[in-house]
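Spelled out, the chains give:
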Amino acid sequence: MAGTEQQASCNNELVNPIISMGLQYSGILVISHVLQILLKPLGQASPIVQILAGFLMGPSGFSRIKAVEKFFIQSYASGYYEFMALIFRTIIMFLIGLETDFPYLMRNIRPASIIACGSSLACTFFAAAVTFLVFQETASRGSSFMMSLMIIITLANAASPNVVRVAADLKFSTSETGRLAISSSLIADAYAVFLLFILSEYKSTSIAKWIFFFFLYFIIVGIVIVINMYLANWLNRRNRNQKYLRNAEICVLLAILYVAAMALEHFGFSSIIASFLIGSMFPRGGKAARTLLIKLTYPIHNFIFPIYFGNHGFRANVTKLKNLRNFMVFCILILSSIGGKIVGTLAACFHLKIPYREGVLLAFMMNLKGHVDMLALTIGLTDDLVLSQNFYDVMIATIIVNTLVWGPIVAFMVRRESDIIGYRQIYFESQNPESELRILACVHSPRPVATMLGLVAASRGPRDVPITPYLMHLVELPGKKKTNLMYNQKEEDELSDEDDYGGNDVVEINDAVDMFTSETGLLVHQIKAVSPFSRMHADICNNAEDIRASIVVLPFHKHQRIDGKLENGKQGIRTTNQKVLRHVPCSVAILIDRGLTAGSLNPSGSDSLQHIAILFFGGPDDREALGFSKRLGMDHHVNLTIIRFLPASSRGQIAGVNIAHKTDDVLMAISNDEVEKETDNAILTEFHNRYVVTGQVGYVEKVVESGAETASALRDMAEMYSLFIVGKDGRGHSVLTTGMSDWEEFPELGKVGDFLASPEFDISGSVLVVQQYRPSKFDDDDDDDKQ
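Residues numbered from 1 in each chain as written. Predicted model: local features only at pLDDT ≥ 70, side-chain atom pairs only at ≥ 80, totals over all residues. Heavy atoms only, no water.

## Focus: the pairing of strand S6 (residues 551-555)
1) Next: A large share of S6 lies buried, amounting to 5 of its 5 residues.
2) Next: By the alternation rule, side chains of S6 split into Ile 551, Val 553 and Pro 555 and Val 552 and Leu 554, which are all buried.
3) Next: Here 3 bridges tie strand S3 (residues 437-443) to S6, and the two strands are oriented parallel to one another. Residue Ile 439 lies in a different strand from S6, and its bridge partner there is Ile 551.
4) Next: Where S6 meets strand S9 (residues 587-592), 5 bridges bridge the pair, whose relative direction is parallel. Paired with Pro 555 across the bridge in S9 is Leu 591. (Buried < 20%, exposed > 50% of the residue type's maximum accessible area, 1.4 Å probe, protein only. Helix = DSSP H or I, 4+ residues; strand = E, 2+ residues; numbered from the N terminus. Pairing = 2+ DSSP bridges.)

What follows is the structure, given as structure tokens:
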């Protein structure tokens, strides 16, 4: 008898829920990573793969084997899984809030709310319509209202973690459609969480108690937001000379989050929206937010997300659908879900005048499940709100199969609709200066950071114009040194991790960015790329495409010495610039930084007036520079002047030119050079009427006969401006620049840019050389990039 008890005790230790849960999570991780390798080339997003991994591990897959089922599926282990789910979804929603473009969400709260409300209300009506049938066919007992509420939550919810990860994996999270889908899913989550509160507090009929709980909810969230604000600012000051916060300090910040989440859960609230709000309102500028992003992103994306999504898939049991009635209910719920999402979302998109194809994609994105809906079913099952195991089995199967079906369809639609949601470059010459500007500024060291940030600040224009700046720190990855020493025999300075590359430059760059953010209120997103110079241009081009940059600004390979002369930097920087000019999928500019002491742009929000000159010779690049300068001219700290260089025969050509009245026959009869002249005149006429006539921008004409006279005119204005902006190539071979090529040393700057950067030209201002995006050149040189 004692032997039998001892054997039973040993068996209980082997099926300990913690061991079982750990092995289950390990299995899901292994299977999800294997499936990721197999399905990633087919374009499948990681959440779909991770849900499928859990699905294969669960009762629909390997757990159909009795021994596996006995080990993994234990009735008394549910509490452990629910606790871990709470831990995971709290940190997931906090990270989503930390990464969310909250200014975009606030700017577009109306369209996002209309889409979320349209899809959610349509699903609410569909759910109410099918509740009676589902109640009868699943032989349920209990409250039909509670069943209706759970079906509404299931159909109306759009799982924001799934939407965020699917959009990121399919590389359209920075597109207008992707950001709108993410914003709408977050609002739909809020609607589902509100219904979840009614579901969990249904037995409490006191209205006063509900009001008290809601008041308490916002009090707790508000207190945590304020605490984080003061604590983050204190930690930023305390760690001024360090790259990141210490691990103990990060644990304190996360402990505050979890204490608030547990308190809300104790009072019957879901902490989902609270965690998101705490993350989205966390102070973005400084080491605290930067450290949290770095420390949380890797473990959450590579471990927590696979387990969280995989656990949802693990709970689904499609074998229960063998019953004809269950299968019929399953089909009705699937059709109701997609029907409600399509009807509601398309109606909202029609009202907002969003194209039909984008509306369909938004509807499918909003139909991704597996977040609040799973929590609603858990509450219903725990509190015995509806007495029918069939109902819960069918609902869970509906949630998982729905996402597994529509996830690949979304991936297919994203590939097919790449023309409407893909990366589309809009030239500055035709871009509205009040539209959003996404600028990627690159630096190799802290030296040009101040001027780069000053350019970003000036490009912002009025404060109501949205701008999303990125600062990319480019760090050279040194080649491997051949050595016969073992790892433990190396010197300490030879042991380094990728995160350590950049040395003290990282601290100086971070300090400059933090100071800029505190003075201007403009958040700068920081990116770090560590690669050899031979592949560094690929990192820049890929990041520009990922963030859908409007323009990429590169530092010149020369930097200014104390005596004012330009000194050569690493040759690899120049090579990188040349490759980026050929391959980047947007407009690109090279900044020749003359240094802050020489009068370049002030990065702070000071009241000093900066004088900037646009040198216009004609051609696509000059028109692009002119289009970019529209934003600079809207800043009240900038005094912008357009200096147009004209040959003597073209004096006064700006007045009254309009190529819209030219016929096709006339255009075919004239040369390409004449077409360029007409286009230049049309662009300048529009610019003159809109900005010069109103007094926002100055306009000067310089009549010259040759490149020598152009050079002389440039020398005369050398000390007048803190920044010169010019196009790279102008209009090809022009009399205005004839002879200037004799001094050409840096072809990547063009003739005028090269002259302004030459040591013979004594200039105090910085120079920005702009090149318009050239798709044909990008495509032709693609093979060269692979060598």
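## A short note on the confidence of the model for the chain
1) Next: For the chain, the average pLDDT comes to 83, and 86% of its residues sit at 70 or higher.
2) Next: Least confident of the elements in the chain is helix H25 (residues 664-669), whose mean pLDDT is 42; most confident is S6, at 95. (pLDDT = per-residue confidence, 0-100.)

## Digging into the pattern of salt bridges
1) Next: Summed over all chains, the structure comprises 15 salt bridges.
2) Next: Linking Arg 325 and Glu 137 is a salt bridge whose minimum nitrogen-to-oxygen distance equals 3.5 Å. Linking Arg 325 in helix H15 (residues 324-352) with Glu 137 in helix H7 (residues 109-137), this pair joins segments that are 188 residues apart in sequence.
3) Next: A residue is classified by how much of its surface remains accessible, and Arg 325, at 49% relative accessible area, is partly exposed.
4) Next: For the salt bridge of Arg 290 with Asp 514, the shortest nitrogen-to-oxygen distance reads 2.6 Å. Of this pair, Arg 290 sits in helix H14 (residues 287-315) while Asp 514 sits in helix H21 (residues 505-520), and the two are 224 residues apart along the sequence. (Salt bridge = Lys/Arg side-chain N within 4 Å of Asp/Glu carboxyl O.)

## A short note on the packing of aromatic side chains
1) Next: The tally for this structure, following the rule as stated, stands at 20 aromatic pairs.
2) Next: In this structure an aromatic cluster arises from ring pairing among Phe 194, Phe 197, Phe 214, Tyr 217, Phe 218 and Phe 269. (Phe/Tyr/Trp six-rings, centres within 6.5 Å; stacked < 30°, edge-to-face > 60°.)

## Here's the deal with the packing of helix H9 (residues 160-169) against H14
1) Next: Orientation of H9 relative to H14, taken along the N-to-C sense of each, is 130 degrees, at an axis distance of 12 Å. Classed by the angle they form, the pair H9 and H14 counts as oblique. In this structure, H9 crosses over H14, and the sense of that crossing is left-handed. Contacts between H9 and H14 involve Pro 161, Asn 162 and Arg 165 from the first element and His 301, Phe 305 and Phe 309 from the second.
2) Next: The residue makeup of the contact of H9 with H14, split by class, is 3 nonpolar, 2 polar and 1 charged. (Axes fitted to C-alpha atoms, helices over the stretch in contact; angles between N-to-C directions. Parallel < 35°, antiparallel > 145°, perpendicular 65-115°, else oblique. Left-handed = near helix turned anticlockwise from the far one by under 90°. Contact = heavy atoms within 4.5 Å. Nonpolar A, V, L, I, M, F, W, Y, C, P; charged D, E, K, R; others polar.)

## Concerning the pairing of strand S11 (residues 638-647)
1) Next: Buried residues dominate S11, accounting for 9 of its 10 residues.
2) Next: One ladder, built from 7 bridges, connects strand S10 (residues 610-616) with S11; its direction is parallel. Paired with Leu 615 across the two strands is Ile 643, which belongs to S11.
3) Next: A crossover connection joins S10 to the parallel S11 through helix H24 (residues 620-633); in handedness this β-α-β unit is right-handed.
4) Next: Pairing between S11 and strand S12 (residues 698-704): 7 bridges, direction parallel. Across the sheet, the residue bridging to Phe 645 is Lys 702, located in S12. (Right-handed = clockwise from strand over helix to strand, strands pointing away.)

## Notes on unusual backbone geometry
1) Next: One non-glycine residue, Lys 353, lies in positive phi territory at about 60 degrees.
2) Next: Of note, Lys 353 is situated in the loop between H15 and helix H16 (356-365).
3) Next: Residues other than glycine seldom take positive phi values, yet Arg 548 does so here, at roughly 55 degrees.
4) Next: With respect to the helices and strands, Arg 548 occurs in the loop between helix H22 (533-547) and S6.

## A word on helix H8 (residues 144-156)
1) Next: The first and last C-alpha atoms of H8 sit 18 Å apart over 13 residues, in line with the 18 Å expected at 1.5 Å per residue.
2) Next: Counting buried residues along H8, 11 of its 13 residues qualify, which places the element largely inside the surrounding structure.
3) Next: Within H8, the full set of buried residues consists of Met 146, Met 147, Ser 148, Leu 149, Met 150, Ile 151, Ile 152, Ile 153, Thr 154, Leu 155 and Ala 156.
4) Next: Turning to H8, the residues buried within the fold contact H7, helix H10 (176-200), H15, helix H17 (372-382), strand S2 (386-387) and helix H18 (389-416).
5) Next: Backbone nitrogen of Phe 145 and a side-chain oxygen of the N-cap are separated by 3.3 Å at the start of H8; the cap is Ser 143. (Expected span 1.5 Å × (residues − 1). Polar contact = N/O pair within 3.5 Å; in protein donor to acceptor, adjacent residues only side chain to side chain.)

## Description of the sheet that holds strand S4 (residues 467-476)
1) Next: In space, the 10 strands of this open sheet follow the order S5-S4-S3-S6-S9-S14-S13-S10-S11-S12, with mixed pairing throughout. Taken across any chain shown, the strands that pair with only one partner, and hence form the sheet edges, are strand S5 (525-531) and S12. Averaged over neighbouring strand pairs, the angle between their axes works out to 20 degrees when direction is ignored.
2) Next: Where S9 and strand S14 (residues 766-771) come together, 5 bridges link them in antiparallel fashion. Its bridge partner lying in S14, Ala 589 is registered against Val 770.
3) Next: This element, H21, spans S3, S4 and S5 of the sheet and lies at about 170 degrees to S4.
4) Next: Each of S9, S10, strand S13 (723-727) and S14 touches helix H28 (residues 750-757); the most contacted strand, S13, lies at about 155 degrees to it.

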